[in-house]
Amino acid sequence: MIHQRTASPVSVPASWRGRLAALGLLLGSVVTIDAFAQTPPPPAWSADDMPSQQGRIFVVTGGTSGMGFEDAKALASAGARVVIAARNAQRGQEAIDKIRQDVPAARVEFEAVDLSSLSSVRDLGERLRASLPRLDGLINNAAIMAPPTRSVSADGMEMQFATNYAGHFLLTAELLPLLRKSDAPRVVTLSSIAVHRGTLDLDDLQSTGAYEPMATYAQSKLACLMFAFELQRRSEAGGWGIQSMAAHPGVAVTELVARGPGLDSPQGRQWSSNRANFQTAAQGAIPTLYAATAATAQGGSYYGPTGPNEMAGPLGLATVPAIARDAATATRLWELSETLTGARFPTTGH
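Residues numbered from 1 in each chain as written. Predicted model: local features only at pLDDT ≥ 70, side-chain atom pairs only at ≥ 80, totals over all residues. Heavy atoms only, no water.

1. Structural notes on the packing of helix α3 (residues 66-77) against helix α4 (residues 89-102)
Part 1 of the reasoning: Interhelical geometry of α3 versus α4 gives an angle of 40 degrees and a closest axis separation of 10 Å. Between α3 and α4, the angle is such that the two are oblique. Between α3 and α4 the crossing geometry is right-handed. Residues F69, A72, K73 and A76 of α3 lie in contact with α4, whose contacting residues are A95, K98, I99 and D102.
Part 2 of the reasoning: Of the residues in the contact of α3 with α4, the class split is five nonpolar, no polar and three charged. (Axes fitted to C-alpha atoms, helices over the stretch in contact; angles between N-to-C directions. Helix = DSSP H or I, 4+ residues; strand = E, 2+ residues; numbered from the N terminus. Parallel < 35°, antiparallel > 145°, perpendicular 65-115°, else oblique. Left-handed = near helix turned anticlockwise from the far one by under 90°. Contact = heavy atoms within 4.5 Å. Nonpolar A, V, L, I, M, F, W, Y, C, P; charged D, E, K, R; others polar.)

2. As for helix α5 (residues 118-131)
Part 1 of the reasoning: With 14 residues, α5 extends 20 Å between its outermost C-alpha atoms, agreeing within 8% with the 20 Å of an ideal straight helix rising 1.5 Å per residue.
Part 2 of the reasoning: Among all positions in α5, only L118, S120, V121, L124, G125 and L128 are buried. Buried residues along α5 cover an arc of 160 degrees about the axis, so they all sit on one side. With respect to the buried face of α5, the exposed residues turned more than 90 degrees away are E126 and A130.
Part 3 of the reasoning: Lining the buried residues of α5 we find β3 (57-61), β4 (81-86), β5 (107-112), α6 (159-179) and α12 (327-341). (Expected span 1.5 Å × (residues − 1). Buried < 20%, exposed > 50% of the residue type's maximum accessible area, 1.4 Å probe, protein only. Arc of directions from axis to C-beta.)

3. Re the sheet that holds strand β8 (residues 243-247)
Part 1 of the reasoning: An order of β5-β4-β3-β6-β7-β8-β9-β10 is seen for the eight strands of this open sheet, with the pairing classed as mixed. In this open sheet, the two strands that pair with only one neighbour each are β5 and β10 (315-317). Looking at each pair of strands side by side, their axes are set apart by 20 degrees on average, direction ignored.
Part 2 of the reasoning: Each of β3, β6 (137-140), β7 (186-190), β8, β9 (302-305) and β10 is contacted by helix α11 (residues 286-293), which is oriented at about 165 degrees to β7, the strand it contacts most. (Pairing = 2+ DSSP bridges.)

4. Side note on the nonpolar core
Part 1 of the reasoning: By size, the foremost hydrophobic cluster in this structure holds 53 residues, and its most contacted members are L135, Y165 and F345.
Part 2 of the reasoning: It is α6 that contributes the most residues to this core, 12 residues altogether.
Part 3 of the reasoning: With residues up to four places along the chain from it excluded, the contact list for L135 reads I57, F58, V59, L175, L178, L179, S182 and P185.
Part 4 of the reasoning: M50, V60, M67 and A291 belong to the second-largest nonpolar core, a separate cluster that totals 37 residues. (Core = buried A, V, L, I, M, F, W, Y, C linked by side-chain atoms within 4.5 Å.)

In short, the description is geometric, and any link to function would need to be established separately.
Below, the structure written as structure tokens:
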């Protein structure tokens with residue numbers, strides 16, 4: 001059962017005000033609403049606190065760079081077998097080589113997937129079901145952010161919605177049989193502090209009426225957050241045995257800005273001038289790694305940093321926009337997503 005508590009207002013020290021202003025164009029303001037009343041994680045938890053992952057198998061999407069790479073490296077260091085699922089095979093091999101420089105015995109491999117393509121996701125699901133005995137953890141990490149012009153996937157979906165949300169929705173369904181073979185399966189889906197400026201337009205999920213890059217990104221990440229909570233509810237109702245959690249990194253230095261609005265854009269220039277104040281990708285990966293591996297992590301939780309506006313700081317429970325707690329809206333989103341992707345989850349009776 002998921003309950004809620006009222007979070008305390010965030011007090012922003014003067015030293016952070018410039019950093020928050022620099023992010024205004026990118027993320028909007030983070031409004032503290034409610035957080036799920038779960039047991040808070042240890043604030044000082046780090047990758048060094050991960051229990052052994054020996055014998056466990058993980059799939060990490062977007063694991064060739066940024067936080068996905070840090071997830072894959074940390075899991076491999078703890079003994080897990082890690083499948084990096086991403087688009088570029090060359091970058092995949094480079095990521096594997098980098099991991100093995102630090103972890104020579106790492107069990108890490110690459111599988112190609114374009115998350116914006118439903119057929120590519122189905123192909124990956126088929127290959128993994130044929131090659132893996134089970135799956136202990138799925139980290140839905142890959143994302144694109146705020147490309148300046150609207151584009152559509154091969155399936156006709158807006159590209160951010162397709163890549164960040166719909167591809168992961170379908171991939172989770174494709175890998176559900178493998179997850180259910182695990183003794184303690186977990187699905188961790190990445191959201192963003194941008195959800196606090198997000199709205200969910202169920203009549204126009206593809207942003208055909210108007211395309212505003214960051215608003216569309218925020219909608220896709222809000223959908224991811226709602227998916228994580230709804231997956232937990234359905235797992236509980238259907239007895240799937242899966243713990244579903246969400247995480248966000250705060251603001252971490254990754255390739256999202258360079259590959260989205262671009263470093264020459266107003267957002268990119270502000271980002272570049274302030275990046276020394278942001279978290280590293282390794283720091284940004286901590287909430288995800290906690291959710292994926294810690295014995296005390298709880299299904300239905302949302303983890304992230306707890307500093308001012310949740311941009312950085314100690315690990316804790318992230319604040320949740322009111323819409324993300326709306327089970328009726330989440331059910332409608334789920335049903336629309338099944339129609340859009342052709343994904344089929346087991347019937348739960350709800």
